[in-house]
Amino acid sequence: MSGKRGNTAFDSVSRRHFLATLGAGTAISLAGVTLGGKTGRTEVLRPPGAIEERAFLSLCARCGRCVPVCPNSALQLQGLENGMDNLMTPKLVPALGHCIMPLNGCQNCIEACPAKVLQPLDISELPTQELSRVLKIGTATLDTSRCIPYSLKQPCLACWEICPVVGAITIHGGTGKGKGGGIRKPVFNPEVCVGCGACEFACPTSPKSVRVLPAGSKRTEWN
Amino acid sequence: MLPRDGISRRSFLGFGAGAATLALLGRANAQQQGVPGRDSVVISENGSNPAQLVSGAFEALGGIRSFISPGDTVLLKPNASFSIGPEIGANTNPEIVSAVTSLCLQAGANRVVVADHTLGRLGREVIRINGIGEAVEGCGGEFMTLDSRSDYEAREIVGGNVLKSVDSAKVISDSDVLINLPVMKNHDATGASVGLKNLMGLVYDRMVFHREGLWTTIADLALAVRPDLTIVDAINVMTKNGPRGQPDPGHHYLNRVVAGVDPVAVDVASLNMVSSLGYPDFEISENRNNYIRYADDLGVGDGNPSSVNEKTFLWDSTEGDANCVVQKEGLELPGWAPYTALSGATIALGGAAILYDRRSGDVRKKG
């Protein structure tokens, strides 16, 4: 999990090829700005350490290097679903996989980013309950009309089981009597949540009761 | 009022009687005297280390050779799902896993495969963090992470409540013996997690269990995947905030393992033992560990607390012994001799090729 820059699946990419991709990426960015009218109109979940959205859209090389290095296959390059300006930029898709930085400090995508639109995050000294001060990809939200313990009064807590951040989900209820009365329910705490997407990944309902939204994400500065 | 949907009148009355008996007994954990048999549930205690507790449990159940034959492939299913250190008790104690691995190899097993479908599809990383990978591989076992769909095959469930089939690990079919090695701990969804729930780690799509209802589906799975032996790690029981046990696992140190052939009876004996210490999450009721009742009703095993209590034995494991024997000799690299021979041969061949090349050159020059 300690991938170093340059030690990626894209090692074989030549300098010329890379510069060509960078050029094409910049062209797409400019085209996006021109055709889309404005940038960042649809915010998406970015990989950890992403810089502020307008700068991200301008500077992301659209090279795709961050995608294959993710050990949990959580990243995807976008098509045109979010407009021309988002084309070929990476997004975190929790239904495919979740970011494991809270688990083991993985920064593979950040280390692989040549344009530095993903900036290193120093989380080594932080207990998980304080991670959101530095790492905040988005915020998990719960639709209680679909969530199994709320709607069916059946035990579930798949989200609580997998959540690596202490305090991001707390458990309520469980003291009632009678059928379903003693079933415990998850409550999501947006301030503590880092938006890694583990809960959405594990949520068994279809469609998902848990969604991680970009709201509240903390962005870094490009340097 | 106890729930009755899906539960027969007989088992309903049986549970009532069992609960009443336990209430009368007060601290209703195993107190039987005499010699346990193969149908008994054994609570192994007083061991000075986890290996001794495991060794004692095997001895009480008639010896490990009554479970393992020479040449067998043995599948161990610990709870190795959580990316958290062994001190929390969210996973099976690595020393228990390594002790069982060693004992099986010493009993003549050909292979000991330890497998789990860890949470979040990151098996290798999870078992590195929780220490179980190293514990297994240091003892000559092999850890198989069950992350990929190709690790599974469809298995029919005959007579289940909800599930008609389940995608279970292929390695079950490839093994001669399945030993379930759960950890005893609190689980905020079901009440507790012991043996039957631990078997969910041999399933690919666990989401269907949550969607269809954990009580019925856990019981259905027990019909299809039946361990030959269950050994429960009840050394340092997590009593709250399970299954991860964060921020506070509320440990209750028991220094015991619970073992038996009947997977339901082992769960019931383990739950009895902890609930009698004043932990209501470990009771069997309509909102806690209710899969026990469904499993009993499907005939998977004995889920009646009073009859299980009658066949539960305390076993003093002070005399037991199980050292983790490193069995890696066969895997170690050979000594210097083969390398020297290989290098010598390479140099000689290279020299011969150079001489041959020069000689051919000379011949060509001379025409």
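Residues numbered from 1 in each chain as written. Chains lettered and ligands numbered in written order. Predicted model: local features only at pLDDT ≥ 70, side-chain atom pairs only at ≥ 80, totals over all residues.

### Considering the overall build of chain A
Turning to step 1, where the next piece is worked out: Counting secondary structure elements, chain A contains eight helices and six strands.
Turning to step 2, where the next piece is worked out: N-terminal to C-terminal, the α/β element order of chain A is α-α-α-β-β-α-α-β-α-α-β-β-α-β.
Turning to step 3, where the next piece is worked out: Counting only residues that meet the buried cut, chain A has 43% of its 223 residues in that class.
Turning to step 4, where the next piece is worked out: Taking all contacts inside chain A whose residues are at least 6 apart in sequence as the whole, residues at least 24 apart take part in 72%. (Helix = DSSP H or I, 4+ residues; strand = E, 2+ residues; numbered from the N terminus. Buried ≥ 20, exposed ≤ 12 C-beta atoms within 10 Å, placed from the backbone. Contact = placed C-beta atoms within 7 Å.)

### Here's the deal with the domain arrangement of chain A
Residues and elements named next belong to chain A.
Turning to step 1, where the next piece is worked out: Here chain A is partitioned into domain 1 (15–121) and domain 2 (130–213).
Turning to step 2, where the next piece is worked out: Contacts between domain 1 and domain 2 engage 14 residues on the former and 16 residues on the latter.
Turning to step 3, where the next piece is worked out: The leading source of residues in the side of domain 1 that touches domain 2 is helix 4 (residues 101–104), at three residues.
Turning to step 4, where the next piece is worked out: Classifying every residue of the side of domain 1 that touches domain 2 by side-chain character gives eleven nonpolar, two polar and one charged. (Domains from an automatic or database assignment. Nonpolar A, V, L, I, M, F, W, Y, C, P; charged D, E, K, R; others polar.)

### Quick look at the environment of A:His98
Turning to step 1, where the next piece is worked out: In this fold, A:His98 is placed in the loop between strand 2 (90–92) and helix 4.
Turning to step 2, where the next piece is worked out: For the pair formed by A:His98 and A:Gly197, sequence separation is 99 residues and the distance between their alpha carbons is 4.9 Å.
Turning to step 3, where the next piece is worked out: When sequence neighbours within four positions are dropped, the list of residues in contact with A:His98 reads A:Asn72, A:Ala74, A:Cys196, A:Gly197, A:Ala198, A:Phe201 and B:Gly120.

### Details of helix 9 (residues 214–224) of chain B
Residue and element names in this part refer to chain B.
Turning to step 1, where the next piece is worked out: With eleven of eleven residues buried, helix 9 is to be regarded as a mostly interior element.
Turning to step 2, where the next piece is worked out: Listed in full, the buried residues belonging to helix 9 are Leu214, Trp215, Thr216, Thr217, Ile218, Ala219, Asp220, Leu221, Ala222, Leu223 and Ala224.
Turning to step 3, where the next piece is worked out: For helix 9, the elements touching its buried residues are strand 5 (152–156), strand 6 (165–169), helix 7 (195–198), helix 8 (207–212), helix 10 (263–275) and helix 11 (291–297).

### Let's talk about the interface of chain B and chain A
Turning to step 1, where the next piece is worked out: The interface of chain B with chain A comprises 23 residues on the first partner and 28 residues on the second.
Turning to step 2, where the next piece is worked out: Listing elements by their share of the side of chain B that touches chain A, those giving two or more residues are helix 4 (123–130) and helix 8 of chain B.
Turning to step 3, where the next piece is worked out: At three residues, the largest contribution of residues to the side of chain B that touches chain A is made by helix 8 of chain B.
Turning to step 4, where the next piece is worked out: Tallied by class, residues from the side of chain B that touches chain A come to nine nonpolar, seven polar and seven charged.

### Some remarks on unusual backbone geometry
Turning to step 1, where the next piece is worked out: Put simply, B:Gly242 and B:Pro243 share a cis peptide bond, and its omega is 10°.
Turning to step 2, where the next piece is worked out: Here B:Pro243 shows up in the loop between strand 10 (229–238) and strand 11 (252–260).
Turning to step 3, where the next piece is worked out: Along the chain, B:Gln246 connects to B:Pro247 via a cis peptide bond; the corresponding omega equals 10°.
Turning to step 4, where the next piece is worked out: You can see B:Pro247 is positioned in the loop between strand 10 and strand 11.
Turning to step 5, where the next piece is worked out: Positive phi, close to 50°, is recorded for A:Ser73, a residue that is not glycine.
Turning to step 6, where the next piece is worked out: With respect to the helices, strands and loops of the structure, A:Ser73 is situated in the loop between helix 3 (66–69) and strand 1 (75–77).
Turning to step 7, where the next piece is worked out: Overall, the presence of 13 C-beta atoms within 10 Å leaves A:Ser73 in the partly exposed class.

### Digging into helix 3 (residues 94–106) of chain B
Residue and element names in this part refer to chain B.
Turning to step 1, where the next piece is worked out: In this model, helix 3 (13 residues) spans 18 Å end to end at C-alpha, consistent with the 18 Å of a helix rising 1.5 Å per residue.
Turning to step 2, where the next piece is worked out: Among the 13 residues that make up helix 3, twelve are buried, leaving the element largely enclosed by the rest of the structure.
Turning to step 3, where the next piece is worked out: Among the residues trailing helix 3, Gly108 stands out with phi positive, at a value near 105°. (Expected span 1.5 Å × (residues − 1).)

### Quick notes on the nonpolar core
Turning to step 1, where the next piece is worked out: A:Cys159, B:Val54, B:Ala57 and B:Val100 are the most contacted members of the largest nonpolar core, which has 157 residues in total.
Turning to step 2, where the next piece is worked out: Apart from residues lying up to four places away in sequence, B:Ala57 is in contact with B:Val42, B:Ser44, B:Ile231, B:Val257, B:Ala259 and B:Trp315. (Core = buried A, V, L, I, M, F, W, Y, C linked by C-beta atoms within 7 Å.)

### Let's talk about the pairing of strand 8 (residues 183–187) of chain B
Residue and element names in this part refer to chain B.
Turning to step 1, where the next piece is worked out: In terms of burial, strand 8 is largely enclosed, as five of its five residues are buried.
Turning to step 2, where the next piece is worked out: Side chains Val183, Lys185 and His187 project from strand 8 onto one buried face, and the interleaved Met184 and Asn186 project onto a second face that is buried too.
Turning to step 3, where the next piece is worked out: Of the strand pairs in this sheet, strand 8 and strand 10 are connected by two bridges, and their pairing is parallel. Across the sheet, the residue bridging to Val183 is Asp233, located in strand 10.
Turning to step 4, where the next piece is worked out: Of the pairings in the sheet, the one linking strand 8 to strand 9 (residues 191–193) comprises three bridges and is antiparallel in character. Following the sheet pairing, Asn186 is matched in strand 9 by Ala192.
Turning to step 5, where the next piece is worked out: A loop of three residues connects strand 8 with strand 9, the two strands running antiparallel in sequence. (Pairing = 2+ DSSP bridges.)

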